[in-house]
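Take a look at the letters that make up each chain.
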Amino acid sequence: MKKITVQTKAQLDALEKESALTWEGLTTDEESLTQLFDWIKGYTPMKQEVAYVITGATMNLAYGLTGDNAYRDDLHIVSVKLSDIENVDAIVIPRFQVGGRWFDDIVANNRRREEEKMG
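What counts, and where the lines are drawn
Residue positions are given per chain, counted from 1 along the sequence in the order it is written. Local features are withheld for residues below a pLDDT of 70 in this predicted model, meaning they are given only at 70 or higher, and side-chain atom pairs are given and counted only at 80 or more; totals for whole chains, interfaces and linings count all residues. Calculated side-chain values reflect all of the structure's heavy atoms, with hydrogen atoms and water omitted. By nonpolar core is meant a set of buried Ala, Val, Leu, Ile, Met, Phe, Trp, Tyr and Cys residues that side-chain atoms within 4.5 Å join together. The buried label goes to any residue with under 20% of its type's maximum accessible area, the exposed label to any with over 50%, and the partly exposed label to all in between, with areas taken from a 1.4 Å probe on protein chains only. Labels follow the DSSP assignment, with helices taken as runs of H or I lasting at least four residues and strands as runs of E lasting at least two, numbered in each case from the N terminus. Any pair of residues with heavy atoms lying within 4.5 Å of one another is described as a contacting pair. Polar contacts, as used here, are pairs of N or O atoms within 3.5 Å; protein pairs need one atom able to donate a hydrogen and one able to accept it. Residues neighboring in sequence count only if both atoms are side-chain atoms.

(A) Seen up close, the nonpolar core. Ranked by size, the top nonpolar core spans 17 residues in total, and within it Leu21, Trp23, Ile40, Val80 and Ile85 carry the most contacts. With five residues, helix H2 (residues 30-41) is the largest single contributor of residues to this core. Apart from residues lying up to four places away in sequence, Ile40 is in contact with Leu21, Trp23, Met46, Val80 and Ile85. Residues Leu15, Tyr52, Tyr63 and Ile77 belong to the second largest nonpolar core, which totals 16 residues.

Structure (structure tokens):
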């Protein structure tokens with residue numbers, strides 16, 4: 001298992017473009033990430049086990065999130081690239097049971113909420 005700390009907009013853009021499978025508020029210790037990968041592997045093999053860890057502060061800065069739409073700075077968001085998952089179709093429905101979302105949906109929802117605040 002590999003853990004990559006996401007720090008650049010380019011890294012975020014890559015996760016967004018790929019619609020990475022994402023969890024907000026996940027702990028990022030080895031036990032938690034092992035459980036995450038074990039859950040995925042319960043449905044489909046993985047090509048590689050790489051967790052992309054994003055802080056709330058990074059999201060706020062990169063996407064200009066403010067007020068009640070901003071994340072807590074120390075919140076962890078964990079993404080797994082779909083290209084690292086053998087059969088994505090196998091997890092499309094089960095992901096709802098464990099709070100898994102697509103990263104591009106998260107970004108789009110945050111963007112929409114920011115725009116609504118602007119008026």
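Additional details are given in the paragraphs that follow.
(B) How the structure looks around the environment of His76. Summarising the element assignment, His76 is placed in strand E4 (residues 76-80). Expressed as a C-alpha distance, the spacing of His76 and Thr27, which sit 49 residues apart in the sequence, is 6.6 Å. With near-sequence residues (within four places) excluded, His76 lies in contact with Trp23, Glu24, Gly25, Leu26, Thr28, Val53, Ile54 and Thr55.

(C) Quick look at the environment of Thr58. Checked against the element boundaries, Thr58 lands in helix H3 (residues 56-63). In this structure the C-alpha to C-alpha distance between Thr58 and Lys9, which are 49 residues apart in sequence, comes to 8.7 Å. Filtering out sequence-adjacent residues up to four positions away, Thr58 remains in contact with Val6, Gln7 and Leu12. Within the structure, Thr58 has its side chain in polar contact with the side chain of Thr55 (distance 2.9 Å).

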